[in-house]
Amino acid sequence: MPTTDGDGPEPGAGEPRADPGRRPGGGEPRRGSSRRALLAALGVGAVGAGLGWAGYEQLKRIWWQVPGIDKPRSPGELDYAAAGWAGASEANWRRADRPADYGIDRVVIHVTEGSYAVALKVFGDPGHGAATHYVIRAEDGHVAQTVRELDVAFHAGNREWNERSVGIEHEGFVDRPETLTDVMYRSSAKLTADICLRYGIPVDREHIVGHNEVPEADHTDPGPHWDWPRYMRLVRKAHAAAERRASARPARDS
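Here's a quick rundown of the structure. Everything numeric here is computed off the predicted structure, so don't read it as measured data.

## Observations concerning helix H3 (residues 116–123)
Turning to step 1, where the next piece is worked out: Among the residues of H3, those classed as buried are Tyr116, Ala119 and Phe123. In an axial view of H3, the angular spread of the buried residues amounts to 60°, which keeps them on one side of the axis. Across H3 from its buried face, at more than 90 degrees, point the exposed residues Ala117 and Lys121.

Listed below in structure tokens is the structure:
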């Protein structure tokens, strides 16, 4: 299961709370300056203030908080076409505009230690303090998206890794390998391949990791029975197939 970020007992410690009343859909987008104009202004401001590139990168991360600078969103919008929407509580993720503000270069694999239904229930609980972007059901491989990839889900137990990763939860138990079904492996591999293709993430074990491999994380999932060689073969196969489909599509007229 995902973890919060911080040393204290408070759910979500180490992560700022989401703004009250701001759903993943976000309603009508705010109107105003374009992102390009804002980033240009931020760059000039950073240089003028002597902050340099690091200062510009820091300022860029908060561009969406400026009034009139909000990326259009729609309620229930999906990043992965094969998923269904099952939104997590706003208390369990932080609004962002990835990869414009935080680059995405990791996929983190979790195992629920409980049922699919319970995972969705606790992710919808504002007191839980954690959620992944996706949950996959064991019996049929159904994918539920609970947090937009744009946003930072509290799942890795490490704030920096939350900001740079997409978290995928798998229904099952780390000490019961029979719960890690073939259909779930295959469904997850297609999802991970799609994420890697869209963000240019290398398909390797440096960039596709278990929750237990995240620095400072104290969880053991996906556990010793997660079949990494099998999973990575499936991800590579799905990634290659997706690349072939993308290259076969006719180019759109500009």
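Picking up where we left off.
## Details of the pattern of salt bridges
Turning to step 1, where the next piece is worked out: Under the criterion given, the structure shown has 16 salt bridges.
Turning to step 2, where the next piece is worked out: Note that Asp79 is salt-bridged to Arg148, the shortest N-O span being 2.9 Å. With Asp79 in the loop between helix H2 (52–60) and strand E1 (84–85) and Arg148 in the loop between strand E5 (143–145) and strand E6 (152–153), the pair connects residues that are 69 residues apart, well separated along the chain.
Turning to step 3, where the next piece is worked out: Taking the relative accessible area as the measure of exposure, Arg148 reaches 7% and is therefore buried.

## Considerations on the side chain of Ser165
Turning to step 1, where the next piece is worked out: Position of Ser165 among the secondary structure elements: in strand E7 (residues 165–170).
Turning to step 2, where the next piece is worked out: Side chain to side chain, Ser165 and His155 meet in a polar contact 3.0 Å long.
Turning to step 3, where the next piece is worked out: Beyond its immediate sequence surroundings of up to four residues, Ser165 is in contact with Arg98, Arg106, Val108, His133 and His155.

## Notes on the pairing of E7
Turning to step 1, where the next piece is worked out: Buried residues dominate E7, accounting for 6 of its 6 residues.
Turning to step 2, where the next piece is worked out: The alternating pattern of E7 places Ser165, Gly167 and Glu169 on one face and Val166, Ile168 and His170 on the opposite face, and all of these are buried.
Turning to step 3, where the next piece is worked out: The pairing of strand E3 (residues 106–111) with E7 spans 6 bridges and is classified as parallel. Considered in E7, the bridge of Val108 is made with Gly167.
Turning to step 4, where the next piece is worked out: In terms of strand pairing, strand E4 (residues 134–136) meets E7 through 3 bridges, oriented parallel. Considered in E7, the bridge of Tyr134 is made with Ile168.

## Describing the packing of aromatic side chains
Turning to step 1, where the next piece is worked out: A complete count under the given rule lists 6 aromatic pairs for this structure.
Turning to step 2, where the next piece is worked out: Taken together, a centroid distance of 6.1 Å and an interplanar angle of 65° make the contact between Trp226 and Trp228 edge-to-face.
Turning to step 3, where the next piece is worked out: Trp226 sits in the buried class, given a relative accessible area of 4%.
Turning to step 4, where the next piece is worked out: Arranged with centres 6.0 Å apart and planes meeting at 75°, the rings of Trp228 and Tyr231 form a pair that is edge-to-face. Residue Trp228 and its partner Tyr231 are both found in helix H6 (residues 228–248); the two are separated by 3 residues, about one turn of the helix.

## With respect to the packing of helix H5 (residues 182–199) against H6
Between two packed helices, the angle of one axis relative to the other and the distance separating the axes together describe the packing.
Turning to step 1, where the next piece is worked out: Between H5 and H6, the shortest axis-to-axis distance is 8 Å and the interhelical angle comes to 50°. Relative to H6, the element H5 lies oblique. Considering how the two elements wind past one another, H5 and H6 form a crossing that is right-handed. Along the contact surface, H5 presents Asp182, Tyr185, Arg186, Ser188, Ala189, Lys190, Thr192, Ala193, Cys196 and Leu197, while H6 presents Arg230, Tyr231, Leu234, Val235, Ala238, His239, Ala242 and Glu243.
Turning to step 2, where the next piece is worked out: Residues belonging to the contact of H5 with H6 are distributed by class as follows: 10 nonpolar, 3 polar and 5 charged.

## Some remarks on H5
Turning to step 1, where the next piece is worked out: Compared with the 26 Å implied by 1.5 Å per residue over 18 residues, the 26 Å span of H5 between its first and last C-alpha is a close match.
Turning to step 2, where the next piece is worked out: Along H5, the residues classified as buried are Met184, Tyr185, Ser187, Ser188, Ala189, Leu191, Thr192, Ala193, Ile195 and Cys196.
Turning to step 3, where the next piece is worked out: Considering only its buried residues, H5 is in contact with E3, E4, E5, E7, strand E8 (208–210) and H6.
Turning to step 4, where the next piece is worked out: Gly200 lies just past H5 and shows a positive phi near 70°.

What counts and how
Residues numbered from 1 in each chain as written. Predicted model: local features only at pLDDT ≥ 70, side-chain atom pairs only at ≥ 80, totals over all residues. Heavy atoms only, no water. Buried < 20%, exposed > 50% of the residue type's maximum accessible area, 1.4 Å probe, protein only. Helix = DSSP H or I, 4+ residues; strand = E, 2+ residues; numbered from the N terminus. Arc of directions from axis to C-beta. Salt bridge = Lys/Arg side-chain N within 4 Å of Asp/Glu carboxyl O. Polar contact = N/O pair within 3.5 Å; in protein donor to acceptor, adjacent residues only side chain to side chain. Contact = heavy atoms within 4.5 Å. Pairing = 2+ DSSP bridges. Phe/Tyr/Trp six-rings, centres within 6.5 Å; stacked < 30°, edge-to-face > 60°. Axes fitted to C-alpha atoms, helices over the stretch in contact; angles between N-to-C directions. Parallel < 35°, antiparallel > 145°, perpendicular 65-115°, else oblique. Left-handed = near helix turned anticlockwise from the far one by under 90°. Nonpolar A, V, L, I, M, F, W, Y, C, P; charged D, E, K, R; others polar. Expected span 1.5 Å × (residues − 1).

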